[in-house]
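# Chain and residue survey
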Amino acid sequence: MLYSLVIEIVRLTIWLLLLCAIFVPLERLAGIKRQVLFRPEFLTDLGYYAINAVLIGLGLGVPLAVLGGAVHQLVPTPALAAIAAWPWWVRLVVALIVGDFFVYWAHRLAHTAPFLWRFHAIHHSAEDVDFLTNTRAHPVDMVFTRMCGFIPVVALGLTGDSTIVTALVLVVGTLWGYFIHANVRLRFGFLEHVISTPFFHHWHHTNDARRDHNYAAMFPFVDHLFGSYVSPKHWPAEYGIDAPMPASLGGQLLEPFMPPRSRAERRV
């Protein structure tokens, strides 16, 4: 167990250094607004990075495999055989689309169900959005969303026995999450209707009614399909939520479990 933990810490450190090497220069060169790297909430988000990454790396694999395998038994054998015959790159594309479809509905439910919003509100409490904001997620919120996205992919056999497909689904999904939160003023024209961008996702973090839109993590056409797509002409002026949120990592982790209060039950 200790050896696995050490390996996980080394892996997390390498990933963090790579992410900083990619996004810190990009945010300095093409930032939406000037923002210091070590902003007031930097250490809090770094704490979430460590907690959630360790949780995924050491604790989430087995439940995903068990639940995915259980649902897998319910899928007709001919359908599984047809999927298994697809080239690995086709299964990769379909896996990303299927995963994002279910993440969309899990994410949308997290905005509409008061109990789930208690946890998801922590992610939206960030008033400065950059690549590291991607890590700001209560473990309950993170586990719920990840399981909703991965179980259908595993159940349909889209990863199969291919380590390439499994690795690419994880790597592409992870990197894209950091990209869409990044503080970068990049626009992609008509492609923004097909693939998510910082502009698309930053409007999901705005502190107004448009927060309840743009739920997809990777494919905005899912929002188009279900009427939740917005694309104003300008960048958001303000991020965050109106309800108070503890500044410390420990306070935020405990906040959803606190006794109901009028301010905590409000979604705006």
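Just above sits the structure.
Here goes a summary of the coordinates provided. A quick note: this is a predicted structure, and the numbers were derived from the prediction, not measured. (Residues numbered from 1 in each chain as written. Predicted model: local features only at pLDDT ≥ 70, side-chain atom pairs only at ≥ 80, totals over all residues. Heavy atoms only, no water.)

## As for the packing of aromatic side chains
Across all of its chains, the model carries 15 aromatic pairs by this definition. Note on Phe101 and Phe102: the rings are 5.4 Å apart at their centroids and 85° apart in plane angle, and the pair reads as edge-to-face. Residue class for Phe101 comes out partly exposed when judged on its relative accessible area of 32%. An angle of 55° between the planes, with centres 6.0 Å apart, marks the rings of Phe101 and Phe226 as tilted. Separated by 125 residues along the polypeptide, Phe101 in helix α4 (residues 88-112) and Phe226 in the loop between α9 (221-225) and α10 (249-254) bring together distant segments of the chain. These aromatic residues form a ring-pair network of at least three members: Phe101, Phe102, Tyr104, Trp105, Tyr215 and Phe226. The ring centre of Phe199 lies 3.5 Å from the NZ or CZ of Arg187, which sits over that ring. (Phe/Tyr/Trp six-rings, centres within 6.5 Å; stacked < 30°, edge-to-face > 60°. Buried < 20%, exposed > 50% of the residue type's maximum accessible area, 1.4 Å probe, protein only. Helix = DSSP H or I, 4+ residues; strand = E, 2+ residues; numbered from the N terminus. Lys NZ or Arg CZ within 6 Å of the ring centre and 35° of its normal.)

## Quick notes on the side chain of Thr133
Relative to the helices and strands, Thr133 resides in the loop between α5 (114-124) and α6 (139-155). Its relative accessible area of 0% is what places Thr133 among the buried residues. Separated by 3.4 Å, the side chain of Thr133 and the backbone oxygen of Asp128 make a polar contact. Leaving out residues up to four positions away in the same chain, Thr133 has contacts with Arg39, Asp45, His123, Ala126, Asp128, His181 and His205. (Polar contact = N/O pair within 3.5 Å; in protein donor to acceptor, adjacent residues only side chain to side chain. Contact = heavy atoms within 4.5 Å.)

## Considering the pattern of salt bridges
Enumeration according to the criterion identifies six salt bridges in this entry. Of the charged contacts, one joins Lys33 and Asp128 as a salt bridge, the two residues approaching to 3.4 Å between their closest N and O atoms. Pair noted here: Lys33 is in the loop between α1 (2-30) and α2 (42-72) and Asp128 is in the loop between α5 and α6, with a separation of 95 residues, a long-range link. (Salt bridge = Lys/Arg side-chain N within 4 Å of Asp/Glu carboxyl O.)

## Notes on the side chain of His204
Structurally, the position occupied by His204 is in the loop between α8 (198-202) and α9. Of note is the side chain of His204, whose polar atom sits 3.0 Å from the backbone oxygen of Arg211. Look past the residues within four positions of His204 in its chain and what remains in contact with it is His107, His111, His120, His124, Arg210, Arg211, His213, Asn214 and Tyr215.

## What to know about the packing of α4 against helix α7 (residues 163-181)
At their nearest, the axes of α4 and α7 sit 10 Å apart, and the two run at 35° to each other. Once α4 is placed against α7, the crossing between them reads as right-handed. Residues Trp88, Arg91, Leu92, Ala95 and Leu96 of α4 pack against Ile164, Val165, Leu168, Val169 and Val172 of α7. When the residues that make up the contact of α4 with α7 are grouped by side-chain class, the tally is nine nonpolar, no polar and one charged. (Axes fitted to C-alpha atoms, helices over the stretch in contact; angles between N-to-C directions. Left-handed = near helix turned anticlockwise from the far one by under 90°. Nonpolar A, V, L, I, M, F, W, Y, C, P; charged D, E, K, R; others polar.)

## So, the environment of Glu27
Relative to the elements of secondary structure, Glu27 occurs in helix α1. Overall, Glu27 belongs to the buried group, its relative accessible area being 4%. Through-space distance from the C-alpha of Glu27 to that of Leu253 is 28 Å; in sequence the pair is 226 residues apart.

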